[in-house]
Amino acid sequence: MPHSPVRIGVIGVGHLGRRHAEIYAAMPDVRLVSVCDIDATRATEVARALRCEALTDSREVPGTVDAVSLAVPTSLHAELGLALLRQGIHVLIEKPIATALAEADALIRTARRQRRILQVGHVERFNAAIEAAGRYLTHPRFIEVHRLSPYPFRGTDVSVILDVMVHDLDLLLWLVRSRARRIEAVGVPVLSASEDIANARLTFASGCIANLTASRISDESIRRIRVFQEDRYLSIDSKAQTVELAHKEDGAIRRVQLPVNQRPPLQDELASFVQAIRTHGEPAVSGADGRAALALALRIENTMRRARGLKAQGSRLKAKTSPLSLQPRA
C-alpha cells in the first residue's frame, strides 16, 4: 500500500458524503472506487460526476476497497461500521461515533481486533482557526460556545446535542483535558421529535466552566468559541476561520488578529485518515475520542430530559392541586 493508491469508497452521498467523495477523487495517491447510497439516482449522479462505480447496497463495497467514509444517519453507524471493520476495511465514521456507548465500544474493540483504522469525523479538530488558537490556550477558565444553524432537514434522527453540540464537546475535552464533574442542561424539540435547541453548562474537575448553546433552527449560521484565561481572551470564529486575541499590555487592553492559514477542514481530516492508513498510525481523532464525546453528549441529554420531565411533572401537579389554576384573570 505505501507505493499504490489507497482504494476508498463512500457510503452515504448526501450533502456531507458527497463532499467526502469529491475530496477523495481529487487527492493524489487515492482512488475513489465507488459511492454507495440507497437512493440509486443520487448514487448514479455522484458516480458519473466523479468517474467511479455507483452502488446501492453497502454489502457490495468490501472486496473492492481498502477504506470507507461512512456518512449515513447516526442510527446506522454501528451496524454498517462493524460490518466493514469485520471484513478488514479501515473506516472513517462521521460524528457522532454511534448512538450508544455499547455500540461505540463494539466499534473500538472490532477495529483493535482487526488492526484497522477507526477515525471519527470530528472535523473541527482540523479547523485552522482552532489550530492557530490552540498554542495560546494553556489553562482555559471559562469557555462560551455558540453553534447555530438553519434547520438542516437531515441528521434529525438524533437530538441537536448529538447532531451539532457534539462537535464542541469533542473540542472541549481536547482543550480542557479534564472530566466534566457537573452538568446543567435545558433543551426543547421544536421541529423534530428530539431537541432542536439546547444549552448546557459544564463544570470540569480542573475548575474550568463551559457554557454551550446549540441550535439547528436559527436564521443564520454561527460557529463561535470564546475562551477566557487569567492572562488572555480569545474569540474564535471557526466558520470564518479567524481568531482575535486580547491581552493586557502596559496597562491597556491590546487586541490583535492572529494569523490563520485558512483551508478546508474536511480536506485535512480526510488527508489525515489516508495518512493513518498508510503509516498504520493512530488516527488524529480516534474511536476512544469519539466515545468520550458521545459519553458527554449522552450525559447532557439525560440531564436535559430529566430536568424537562421533572418540570413538566411539577407543572401538572400544580395545575391539578390549585383550585385557581383554570380561573381566568380578572
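Just so we're clear, the structure is a prediction, and the values are computed from it rather than from any experiment.

A.B. asks: If you had to explain the confidence of the model for the chain to someone new, which residues and values would you point to?
C.D. replies: On average, residues of the chain score 91 in pLDDT, and 93% of them are at 70 or above. Here residues 314-330 is modelled with pLDDT under 50, and outside its nearest four sequence neighbours on either side it reaches 2 contacts, counting other chains as well.

A.B. asks: With reference to specific residues and values, describe the sheet that holds strand β14 (residues 252-257).
C.D. replies: In sheet architecture, strand pairing relies on hydrogen bonds along the backbone and comes in two forms, parallel and antiparallel. Sheet architecture is open: 8 strands sit in the order β8-β9-β10-β7-β11-β12-β13-β14, paired in mixed fashion. Only two strands of the sheet have a single neighbouring strand rather than two, namely β8 (180-188) and β14. For this sheet, the mean angle separating the axes of adjacent strands, direction not counted, is 10°. Pairing geometry for strand β7 (residues 142-148) and strand β11 (residues 222-228), over 7 bridges, is antiparallel. Bridging across to β11, Phe 142 finds its partner in Phe 228.

A.B. asks: Now, about the packing of helix α1 (residues 15-26) against helix α2 (residues 40-50): what can you tell me, with residues and values included?
C.D. replies: It is at 10 Å that the axes of α1 and α2 come closest, and there the two elements cross at 20°. In terms of axis orientation, α1 runs roughly parallel to α2. Crossing handedness for the pair α1 and α2: right-handed. Touching Arg 18, Ala 21, Glu 22 and Ala 25 of α1 are Glu 45, Val 46, Ala 49 and Leu 50, all from α2. For the contact of α1 with α2, the per-class residue count stands at 5 nonpolar, no polar and 3 charged.

A.B. asks: Describe the sheet that holds strand β3 (residues 53-55), and please don't skip the residues or the numbers.
C.D. replies: Pairing in this open sheet of 6 strands is parallel, and the strands run β3-β2-β1-β4-β5-β6 from one edge to the other. In this open sheet, the two edge strands, each paired with only one partner strand, are β3 and β6 (118-121). When the angles between neighbouring strand axes are averaged without regard to direction, this sheet yields 20°. Sheet topology places strand β4 (residues 67-70) next to strand β5 (residues 90-94); 4 bridges connect them, and they run parallel. Each residue of the ladder has a partner; that of Ala 67, found in β5, is His 90. Running at roughly 165° to β3, α2 makes contact with β2 (30-36) and β3 of the sheet.

A.B. asks: Residues and numbers for the nonpolar core, please.
C.D. replies: Among the nonpolar cores identified, the biggest contains 71 residues, and Leu 202 and Ile 300 are the most heavily contacted of them. Take this core: its biggest share by element is 11 residues, from helix α6 (residues 160-176). When near neighbours in sequence (up to four residues on either side) are disregarded, Ile 300 contacts Ile 161, Met 165, Leu 169, Ile 183, Ala 185, Ala 200 and Leu 202. Counting residues in hydrophobic clusters, the runner-up holds 23 residues, among them Ile 8, Ala 21, Leu 92 and Ile 117.

A.B. asks: I'd like a rundown of a nonpolar patch on the surface, residues and numbers included.
C.D. replies: Residues Val 188, Val 190, Leu 191 and Ile 197 make up a contiguous nonpolar surface patch of about 320 Å² in total accessible area. Tracing the chain through its elements places Ile 197 in strand β9 (residues 197-204). For Ile 197, a relative accessible area of 31% corresponds to the partly exposed category.

What counts, and at which threshold
Residues numbered from 1 in each chain as written. Predicted model: local features only at pLDDT ≥ 70, side-chain atom pairs only at ≥ 80, totals over all residues. Heavy atoms only, no water. pLDDT = per-residue confidence, 0-100. Contact = heavy atoms within 4.5 Å. Pairing = 2+ DSSP bridges. Helix = DSSP H or I, 4+ residues; strand = E, 2+ residues; numbered from the N terminus. Axes fitted to C-alpha atoms, helices over the stretch in contact; angles between N-to-C directions. Parallel < 35°, antiparallel > 145°, perpendicular 65-115°, else oblique. Left-handed = near helix turned anticlockwise from the far one by under 90°. Nonpolar A, V, L, I, M, F, W, Y, C, P; charged D, E, K, R; others polar. Core = buried A, V, L, I, M, F, W, Y, C linked by side-chain atoms within 4.5 Å. Buried < 20%, exposed > 50% of the residue type's maximum accessible area, 1.4 Å probe, protein only. Patch = residues over 30% accessible without salt bridge, like charges linked within 9 Å, V, L, I, M, F, W, Y side chains within 5 Å. Areas by Shrake-Rupley, 256 points an atom, 1.4 Å probe, with all protein chains shown as cover. Salt bridge = Lys/Arg side-chain N within 4 Å of Asp/Glu carboxyl O.

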